[in-house]
Structures are given as C-alpha cells and as structure tokens.
Amino acid sequence: MTQTWTITGGEILAQGALTARPLYVANGLIRDTPTPEARTYDARGAWVLPGIVDLHGDGFEAIVQPRAGVHFPYPLAFAEADRQMLANGITTAFHALTVSWEPGLRSIEVARELVAALEAATSGLRCSTHLNIRWETFAVDHVAEVLGWLDRRPGDILSINDHTTANRALDAGSSKVKRMAARMGITPEETKRLIDEVWARRAEVPGATAQICAGASARGTPILSHDQCSAEDWAEGRDLGISVSEFPMTEAAAAAARDAGEPVILGAPNALRGLSHNGALCATSAISAGLCDVLASDYYYPAPLHAAFRLWQAGVLPMADAWALVSTNPARAAKLQDRGEIAPGKRADLIVVDPDSREVRAVFVAGRKVLDRV
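Given the structure is predicted, the values throughout are model-derived calculations rather than measurements.

Enquirer: How should I be thinking about the pattern of salt bridges in this particular structure?
Expert: Two side chains of opposite charge can pair, provided their charged atoms sit close to one another. Applying the stated criterion across every chain yields a total of 21 salt bridges. A salt bridge links Glu61 to Arg106; the nearest nitrogen and oxygen atoms lie 3.2 Å apart. On the criterion of sequence distance, the pair formed by Glu61 in helix α1 (residues 59-64) and Arg106 in the loop between β9 (90-99) and α3 (108-121) is long-range, its members being 45 residues apart. The two residues Glu61 and Arg106 agree in class, both being buried. In this structure, Arg153 and Asp156 form a salt bridge, with 2.5 Å as the shortest nitrogen-oxygen distance. When its relative accessible area of 2% is taken as the criterion, Asp156 is described as buried. One network of salt bridges, in which partners are shared, links Glu119, Arg152, Arg153 and Asp156.

Set out below in structure tokens:
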C-alpha cells in the first residue's frame with residue numbers, strides 16, 4: 001500500500017495547536033512539502049492527531065481468556081487486539097506481559113508461548129506492537145530468560161512489579177485471592193499455600209531485582225516501577241536504574257517521581273471515569289496537580305482516546321496538552337524518538353477523528369492507511 005499522501009480539509013494538531021492546513025506524507029514519514037504522486041485523503045470536518053502510544057495494555061488478557069478456563073488461540077487474539085486498538089486510535093501498543101511465579105494464565109510457560117506467538121504474528125499486525133514485560137519480583141528463576149527476550153526484542157520495555165508482598169496478607173476467602181485462583185486454575189486454598197511458599201524465598205528478591213535492572217539498563221531498555229506506594233519506594237527504584245513511575249498508588253510517590261523529572265504513567269480508565277477502580281490515586285486530580293505525564297489503556301482500549309477528550313472538554317487541560325498524555329509523552333517515556341507528534345521527519349502515525357462523535361475515521365501507521373471508515 002502507498003505510504004505517500006496529502007491529507008486535506010482537516011485541522012492538524014502540531015506544535016501545540018490545531019491548524020487548518022494540508023499534511024504531507026512521503027514514504028511513511030511526515031514531510032513539509034507535497035509529493036506529486038501522493039494520493040489524497042479528505043479529512044474535511046475532522047481533526048488529524050498523532051497516533052496513540054499505549055505503554056501498558058492488559059486488554060489482551062481478556063481476549064485470550066474471556067472467561068476463567070476458556071482460552072483462545074494466540075494468533076486469533078493478537079489479530080483481534082490489533083483491530084480493537086486501531087479502531088480506538090492506538091498506533092503503537094505495548095501488550096502487558098506478566099512474567100510471574102504463578103501457574104495458569106500468568107505462568108512462565110504462557111509467557112514463552114505469547115512471546116513466540118507475537119514474533120510469528122508481528123508481520124501481519126498493522127499496529128506497531130511491542131511488549132511491556134511485567135516481571136514479578138518473586139519470579140527469581142526467570143531473570144536470565146527475560147534478559148534474553150530483551151536482547152531479541154530491543155523495542156520492548158520492562159516493568160518491575162511486586163504484588164506478592166501485598167497478596168501474602170490476604171486470606172483464601174478474599175476476592176483478590178479468588179480472582180488469582182481462577183486465572184491459575186486452582187482453589188483459593190491452594191493459591192494461598194502457593195503464595196506462602198513463594199514468600200519463603202523473599203531473601204532472593206533483592207539480588208534478582210538488581211540483576212534484571214542492571215541487565216535492562218545495560219541494554220538501554222526503559223525500566224518502569226509499578227504500583228509504588230511511597231516516596232521511599234520511588235527512591236529504591238531510582239537506585240536500581242528505574243526511570244519511569246507506572247501507576248503510583250499515592251500522591252507522595254507520584255510527586256517524588258515528578259520532582260526528579262521522571263515520567264508518571266496513570267490509567268486512562270481512571271481519568272475517563274474520574275476515579276480509580278481500586279481506590280488508588282485519582283488520575284484527574286493528579287493531572288490537575290501536574291503529577292501525571294502519560295495515560296495508558298490499562299484494561300480498556302477505548303480509554304486513552306476518550307480520556308483525552310474528557311480532560312479537554314472538562315477544562316482540565318487544553319486539547320494539545322491532553323493529547324500529549326497519550327501520544328508525545330508516552331513515546332518519549334519509551335525512548336521512541338521517531339513518533340508521538342506531527343512534525344517533519346517523524347513517522348506518519350496519524351488518526352483522523354470526528355471531534356464531535358469522537359469516531360476514528362481513519363488510521364495511518366508509518367504512512368500506510370490501515371483503517372478507513374468511509
């Protein structure tokens with residue numbers, strides 16, 4: 001398909017403002033002059049925006065396993081996720097892949113299968129698709145394997161997670177343990193026993209965490225810290241080379257990251273709904289206080305698009321600043337210097353959106369028109 005276009009009739013979001021002018025694309029890149037052989041796309045009445053860069057998407061898990069114990073083939077799931085993401089303006093995606101000590105959906109065996117399946121499927125996907133490798137700190141046996149993936153997949157990012165410490169305090173009757181048991185395929189009582197067995201290896205965790213962070217840093221991989229609860233948590237992560245705060249649970253943790261100039265990621269569903277589903281830091285309040293740079297889809301692919309519009313229409317941010325939360329800022333946090341904004345020389349990752357209905361009319365990825373709702 002052609003990667004050379006002249007997009008006419010729309011308002012282009014660039015350099016902090018919407019401007020009615022043509023946009024030129026040649027060989028997949030944005031240009032400042034037209035190309036004679038370019039095809040024309042009519043964006044009349046629409047906005048042309050940088051494509052969404054989604055750094056953390058768990059929605060894929062619900063496509064693979066829509067019900068406990070019901071699994072669909074990974075190639076089918078990747079193709080379906082690709083369609084859903086593009087329909088919601090996501091042109092670069094990082095599937096959140098958990099590497100854990102758990103059996104079942106989040107086991108190392110499933111992680112291996114998913115990595116292999118994604119590598120086999122990538123050439124057929126239209127969204128630029130990567131992995132946010134969520135390494136659980138108690139998965140101490142899998143450090144070398146994850147670093148091997150980063151060698152093979154230099155575009156991926158690494159997130160450091162510790163859910164085990166908090167889960168250890170829960171009893172078998174808690175809703176969280178029951179959800180874990182469902183995805184593991186075992187009983188809540190067996191889940192609780194397994195958590196206790198894993199907890200017994202806690203002395204190995206600091207060394208494994210230092211090893212994987214040092215390895216990722218040496219490879220130039222962005223390292224994220226997930227669910228920080230305090231400024232002290234942030235400081236510990238900073239010492240390990242972590243440079244992005246992902247879903248901080250408290251204002252203090254977010255403020256520590258921002259004071260150091262570190263990007264802060266929060267959930268777009270949180271910003272869209274106006275509150276956190278688990279009682280954590282409110283994204284809208286954090287954005288108003290200057291404590292959030294990036295919004296990610298988390299568990300709901302439509303959220304980044306609609307959250308940015310909500311923030312603008314509610315008067316929380318100007319439209320250009322709201323859109324930067326889902327485009328420019330996440331691209332920078334992931335060290336993707338070639339995308340995230342409309343500027344000459346950047347990848348032509350673009351979406352054409354009706355500003356009233358918020359319908360995505362068209363999507364271009366590296367100049368290739370991959371979605372067109374005529």
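Enquirer: Got a minute to help me understand the sheet that holds strand β18 (residues 368-372) in this structure?
Expert: Through backbone hydrogen bonds, the strands of a sheet pair up, either in parallel or in antiparallel fashion. Read across the sheet, six strands follow the order β3-β2-β7-β16-β17-β18 without closing on themselves; strand pairing throughout is mixed. Two strands in the sheet have a free side with no partner beyond their single neighbour: β3 (17-20) and β18. Shown here is a sheet whose adjacent strand axes are inclined to one another by a mean of 25°, direction ignored. Together, β17 (360-365) and β18 form the strand contacts of helix α2 (residues 74-87), whose direction differs from that of β17 by roughly 115°.

Enquirer: What is the right way to read the pairing of β18 from this model?
Expert: Consecutive side chains along a regular strand alternate between the two faces of the sheet. In terms of strand pairing, β17 meets β18 through four bridges, oriented antiparallel. Bridge assignment links Val363 to a residue of β18, and that residue is Leu371. Following β17, the chain reverses through two residues before pairing antiparallel with β18; Ala366 in that reversal takes a positive phi of roughly 50°.

Enquirer: Before we go on, may I ask you to explain the nonpolar core in this structure?
Expert: One finds Trp135, Trp149, Leu158, Ile212, Leu295 and Trp323 to be the most contacted residues of the largest nonpolar core, which totals 89 residues. With seven residues, α3 is the largest single contributor of residues to this core. With residues near it in sequence (within four places) discarded, Ile212 still touches Trp135, Val143, Val146, Leu147, Leu158 and Ile160. Listed in part, the 17 residues of the second largest apolar core include Trp5, Ile7, Val25 and Val48.

Enquirer: I keep staring at the environment of Leu281 and nothing clicks. Help me out?
Expert: The topology assignment puts Leu281 in the loop between α11 (268-273) and α12 (283-288). In contact with Leu281, other than residues within four places in its own chain, are Pro248, Met249, Thr250, Glu251, Ala254, Leu266, Asn270, Ser276 and Ala286.

Enquirer: Please clarify how the packing of aromatic side chains should be interpreted in this entry.
Expert: For any pair of aromatic rings, the description consists of the separation of the ring centres together with the inter-plane angle of the planes. Scanning the model with the defined rule gives eight aromatic pairs in all. With a centroid separation of 5.7 Å and 85° between ring planes, the pair formed by Tyr41 and Phe364 is classed as edge-to-face. Taken together, the residues span a long stretch of sequence, with Tyr41 in strand β6 (residues 39-42) and Phe364 in strand β17 at a distance of 323 residues. Classification of Tyr41 as buried rests on a relative accessible area of 9%. In this structure Phe364 comes out as buried when scored by relative accessible area, which is 1%. With 4.5 Å between their ring centres and 20° between their planes, Phe60 and Phe78 make a pair best called stacked. One end of the pair, Phe60, is in helix α1; the other, Phe78, is in helix α2, with 18 residues separating them in the sequence. Using a relative accessible area of 7% as the deciding quantity, one classes Phe60 as buried. Through successive ring pairs, a cluster of aromatic residues spans Trp47, Phe309, Trp312 and Trp323.

Enquirer: Where do I start with the sheet that holds β9 in this structure?
Expert: Pairing is parallel across the open sheet formed by eight strands, whose spatial order is β8-β9-β10-β11-β12-β13-β14-β15. Strand pairing shows two members of the sheet lacking a second neighbour, β8 (52-57) and β15 (294-296), which therefore form its edges. If you compare each strand with its neighbour and ignore which way they point, the axes differ by 25° on average. Relative to strand β12 (residues 223-226), strand β11 (residues 157-161) runs parallel, the two sharing three bridges. Along β12, the bridge assignment pairs Ile160 with Ser225. Most of the contacts of α2 go to β9, to which it runs at about 135°, and overall it touches β9 and β10 (128-136). The strands touched by helix α8 (residues 205-218) are β10, β11 and β12; relative to β11, the strand with the most contacts, the crossing angle is about 165°.

The rules behind each value
Residues numbered from 1 in each chain as written. Predicted model: local features only at pLDDT ≥ 70, side-chain atom pairs only at ≥ 80, totals over all residues. Heavy atoms only, no water. Salt bridge = Lys/Arg side-chain N within 4 Å of Asp/Glu carboxyl O. Helix = DSSP H or I, 4+ residues; strand = E, 2+ residues; numbered from the N terminus. Buried < 20%, exposed > 50% of the residue type's maximum accessible area, 1.4 Å probe, protein only. Pairing = 2+ DSSP bridges. Axes fitted to C-alpha atoms, helices over the stretch in contact; angles between N-to-C directions. Contact = heavy atoms within 4.5 Å. Core = buried A, V, L, I, M, F, W, Y, C linked by side-chain atoms within 4.5 Å. Phe/Tyr/Trp six-rings, centres within 6.5 Å; stacked < 30°, edge-to-face > 60°.

Geometry only, nothing functional implied.
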